[in-house]
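Summary of the model geometry
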Amino acid sequence: MLLCALATVVASAPAHAADRPQPGSVYRDGPSGRYLLGGTWYQRPDAADTGIRERFQRSPGLAGWTRTSVPSASNAGVFTNESYLGTVHWYRKDFRLPRASRLSKWVLRFESVNYRARVWLNGKPIGTHVGAYLPFELRAKSVRRRGVNRLVVRVDSRRQKFDIPPLSQRASGAFEGGWWNYNGILREVYLRRVDQFDFAQVFFEPRLRCRTCAATVVVHAQVANVNSSGASARISGTFGGRALRFRGHRVPGRGTARFRARTRIRNPRLWSPERPTLYRGTLRLRTSGGRTVQRYRVHTGIRSLRISRLGRIQLNGRDVNLRGASMHEDSLSRGAALTPTQMRQNIGYLRELGATITRSHYPFHPYTLELADRHGILVWSEIPVFRMASRLFANGEVRNKALRMLRTEIARDANHPSVAVWSIGNENASRPGTGLRKYIRKASRTVEDLDPTRLVGIATSGFPTVQKQRIYTELDVLGINDYFGWYRGPRGTISDRNLLSGYLNRLHSDYPNQALVITEFGAEANRSGPVTEKGTYEFQTDFLRYHLGVFASKPFVSGALIWNLRDFRVKPGWAGGNPQPNPPVNQKGLVDDRGGKKPAWEVVRKIYRSTGPFR
Ligand code: GCU
């Protein structure tokens, strides 16, 4: 009795801006049948009263809800301790299903929700997810084909003990974490139409033995059957205009099957920062009756990445000499919920600077990677295994969680030629204990198994007090965060920048078969003043020029990235080594919050434009 009363109330509820999503996507590559769930969304903070909370999934009214759009960071611009430590926030979206055949099934795809998501559709729970920066999908089982659908998402950005990355306030009152903890649906949401079969994963794997050799592209496609009964599927496709031939396979009900094809390219046009040539790959998925149920599109490149006998990264058989800057998805106005325009702007800055490589502490938005593919900017792609205490790696579940992130990242980004390194973490223990060693070993094997075309690396603090760690010889690349002459380091051992050169020589002799990349070097700058005073523009310029001079003298250094392209928000009380800080902002950027280029910009731009990308 109560339920039908409720159903009547909900059904008759005024459809607030219940639009019909249009076909489309922020980034171009991927499956057909994507509809952007943009337009009007509503949001509201959590309510203390559980009763009220209960009704959030159902209540027709808008009391307490305010209009918004997604992507959204609900605490953008709010830099309180509470905002950083995490809150619960609710999002709601009314929509009508796009017109489609009755055979269609529907999936909701979230590109990134920070941190814990709980999702309801028409009052029914359809699933949960933990972790940001990587996508998750939920079957829209309770979707209505007619009338209004109501999607409600509860977003909890508070962290728990074994979360990756960890975030808390220590007993000392200091805050853990490396960038602002933005709560929200930080990247776009899609409705995906699926009919019988679905491309679960697609990888166009380029194989190139030598620079002038013919290339072979092996296409791996995993197909899922969303129906309960098994059926045969067929795939056809093209790569660079050449036909791809796949053998047909039966896909078990609710199961998956793997398909493969290959094609040979006699004179491949190789992808590199100088000529970021992209090939178009298309796949068509059909039933045994010939009905096309899905298409898939990629723009990918042919290139090879290896470590030479001398421990140097080689792209298409040539030693690289990359220069760049890392970046965070952060803006004063929208927090981490960047718009495509903001992503284009960031890549625009990198191009203007003459950068050939970039990095972040977490997987970038796919659109940023597409732009990097198009503009020839390599990517050190990292999962947010950030400054985690050794005891956490002793926990198998924590290691598995990190490995799951790595697998999800590889599955999502394997077709981007710009992605050169899968980085498995940043600044975890410099002397890895048993747990961390296990993780590094497993992660390195995972990369080898899933993607033999790329390098595996880790970013670690550049401390001369740390002797050779055998476990790092199981990696391809060692990323060094170099703050000689900025931070003191253990027992002041990195206070003197003149020690940098000797330290790098020692590293190279410790790891002759691993490539070295300076994953970070930088100095805060927020005012003009003496070149000897930390925090001044003059100090930053001199610091960067000096470090770049040292790197230029080290043929074994394959690349170097300034920390950071732009100023960004870290955490309450952040000082970052600057005697006159402006918390929570990390001001090691070359570009400040208002888009102003600091004096160091021009000096770096000149150096970058006359460096590399090859030796
Ligand atoms: C570290 C860390 C960054 C941080 C930087 C800094 O190396 O990886 O996330 O912002 O140092 O201190 O500015």
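Quick caveat, the model's predicted, so the values are computed rather than measured.

Definitions and cut-offs
Residues numbered from 1 in each chain as written. Predicted model: local features only at pLDDT ≥ 70, side-chain atom pairs only at ≥ 80, totals over all residues. Heavy atoms only, no water. 1 Å grid on protein atoms, 1.4 Å probe; cavity = no way out; pocket = protein on both sides within 12 Å on 5 of 7 lines; lining within 4 Å. Points joined across faces, edges and corners; volume = space filled by probe spheres on them. Helix = DSSP H or I, 4+ residues; strand = E, 2+ residues; numbered from the N terminus. Nonpolar A, V, L, I, M, F, W, Y, C, P; charged D, E, K, R; others polar. Disulfide = S-S within 2.5 Å. Axes fitted to C-alpha atoms, helices over the stretch in contact; angles between N-to-C directions. Parallel < 35°, antiparallel > 145°, perpendicular 65-115°, else oblique. Contact = heavy atoms within 4.5 Å. Left-handed = near helix turned anticlockwise from the far one by under 90°. Expected span 1.5 Å × (residues − 1). Buried < 20%, exposed > 50% of the residue type's maximum accessible area, 1.4 Å probe, protein only. Polar contact = N/O pair within 3.5 Å; in protein donor to acceptor, adjacent residues only side chain to side chain. Phe/Tyr/Trp six-rings, centres within 6.5 Å; stacked < 30°, edge-to-face > 60°. Lys NZ or Arg CZ within 6 Å of the ring centre and 35° of its normal. Pairing = 2+ DSSP bridges. pLDDT = per-residue confidence, 0-100.

For the rest of this paragraph, the subject is the layout of surface pockets. A volume near 690 Å³ is recorded for the largest pocket. Taken together, 26 residues line the largest pocket, and the ones lying closest to its centre are Arg-109, Pro-135, Ala-200, Ala-411 and Arg-412. Looking at the lining of the largest pocket, the elements that each hand over two or more residues are strand S1 (30-31), strand S10 (136-139), strand S14 (197-208), strand S21 (292-300), helix H5 (366-375) and helix H7 (396-413). With five residues, S14 is the single largest residue contributor to the lining of the largest pocket. Residue composition of the lining of the largest pocket, by class: 11 nonpolar, six polar and nine charged.

It is worth spelling out the state of the cysteines at this point. Tallied over the entire structure, the rule returns one disulfide. Residue pairing for Cys-210: its cysteine sulfur links by disulfide to Cys-213, the two sulfurs lying 1.9 Å apart. On the sign convention where negative means left-handed, the S-S torsion of about 105° between Cys-210 and Cys-213 marks this disulfide as right-handed.

A word on the packing of helix H4 (residues 340-353) against helix H11 (residues 600-609). A pair of packed helices can be characterised by two numbers: the angle between their axes and the separation between those axes. Here H4 crosses H11 at 65°, and the two axes come no closer than 8 Å. In this view, H4 runs roughly perpendicular relative to H11, as classed from their interaxial angle. Contacts from Tyr-349, Arg-351, Glu-352 and Leu-353 of H4 reach H11 at Trp-601, Val-604, Arg-605, Tyr-608 and Arg-609. Across the contact of H4 with H11, the residue classes break down as five nonpolar, no polar and four charged.

A separate point is the packing of H7 against helix H8 (residues 434-450). H8 packs onto H7 with a crossing angle of 25° between their chain directions and a minimal axis gap of 10 Å. In terms of orientation, H7 and H8 fall into the roughly parallel class. When you trace H7 past H8, the crossing you get is right-handed. Residue-level contacts link Arg-399, Ala-402, Leu-403, Leu-406, Arg-407 and Ile-410 of H7 to Gly-435, Lys-438, Tyr-439, Lys-442, Ala-443, Thr-446, Val-447 and Leu-450 of H8. A class-by-class count of the residues in the contact of H7 with H8 yields eight nonpolar, two polar and four charged.

Turning our attention to H7. Spanning 18 residues, H7 covers 26 Å between terminal C-alpha atoms, matching the ideal 26 Å at 1.5 Å per step. Every buried residue belonging to H7 is among Val-398, Arg-399, Lys-401, Ala-402, Leu-403, Met-405, Leu-406, Glu-409, Ile-410, Arg-412 and Asp-413, and all of these are buried. Buried positions along H7 lie against strand S6 (105-110), H5, strand S27 (378-382), helix H6 (390-393), strand S28 (419-426) and H8. If you check the start of H7, you find a side-chain oxygen 2.7 Å away from the backbone N of Glu-397, and it comes from Asn-395.

One pass over the full model with this rule turns up 23 aromatic pairs. An angle of 55° between the planes, with centres 5.3 Å apart, marks the rings of Trp-179 and Tyr-362 as tilted. With Trp-179 in the loop between strand S11 (149-156) and strand S12 (184-185) and Tyr-362 in the loop between strand S26 (357-359) and H5, this residue pair connects regions lying 183 residues apart in the sequence. Here the two residues Trp-179 and Tyr-362 agree in accessibility, since each one is buried. Their ring planes at 15° and their centres at 5.2 Å tell us that Phe-239 and Tyr-279 sit as a pair that is stacked. Of the two residues, Phe-239 sits in strand S16 (residues 231-239) while Tyr-279 sits in strand S20 (residues 279-287), which places them 40 residues apart along the sequence. Look at Phe-239 and you get buried, because its relative accessible area is 0%. Site record: aromatic cluster; members linked through ring pairs are Tyr-483, Trp-486, Tyr-487, Phe-539 and Phe-543. The ring of Phe-614 carries Arg-318 above its face, with NZ or CZ at 3.8 Å from the centroid. A cation sits over an aromatic face here: Arg-497 above Tyr-546, 4.1 Å from the ring centre.

Let us look at empty space enclosed by the protein. With the rule as written, the count across this model stands at eight cavities of 30 Å³ or more. Lining the largest cavity are 18 residues; nearest its centre among them are Asn-114, Tyr-133, Arg-159, Pro-165 and Trp-179. In this model, the second largest cavity occupies a volume close to 80 Å³. Lining the second largest cavity are 13 residues; nearest its centre among them are Thr-460, Ser-461, Val-466, Tyr-503 and Leu-507. Going through the elements one at a time, strand S29 (455-461), strand S30 (477-481) and helix H9 (500-510) are the ones with two or more residues in the lining of the second largest cavity. The element that contributes the greatest number of residues to the lining of the second largest cavity is H9, accounting for three residues.

Here we take up the environment of Gly-479. Here Gly-479 is to be found in strand S30. For Gly-479, a relative accessible area of 0% gives the class buried. Considered as a pair, Gly-479 and Ser-501 are 22 residues apart in the sequence and their alpha carbons are 16 Å apart.

In space, the four strands of this open sheet follow the order S2-S13-S6-S10, with antiparallel pairing throughout. Of all strands in the sheet, those with a lone pairing partner are strand S2 (34-36) and S10, marking the two edges. Ignoring which end each strand starts from, the neighbouring axes of this sheet average 30° apart. Here S6 runs beside strand S13 (residues 189-194); their pairing, made up of six bridges, is antiparallel. Of the residues in S13, the one forming a bridge with Arg-109 is Tyr-190.

Quick look at the confidence of the model for the protein chain now. Scored by pLDDT, the protein chain has a mean of 95; 95% of the residues are at 70 or more. Across residues 1-14, confidence stays below pLDDT 50; counting only partners more than four residues off in sequence or on other chains, it has four contacts.

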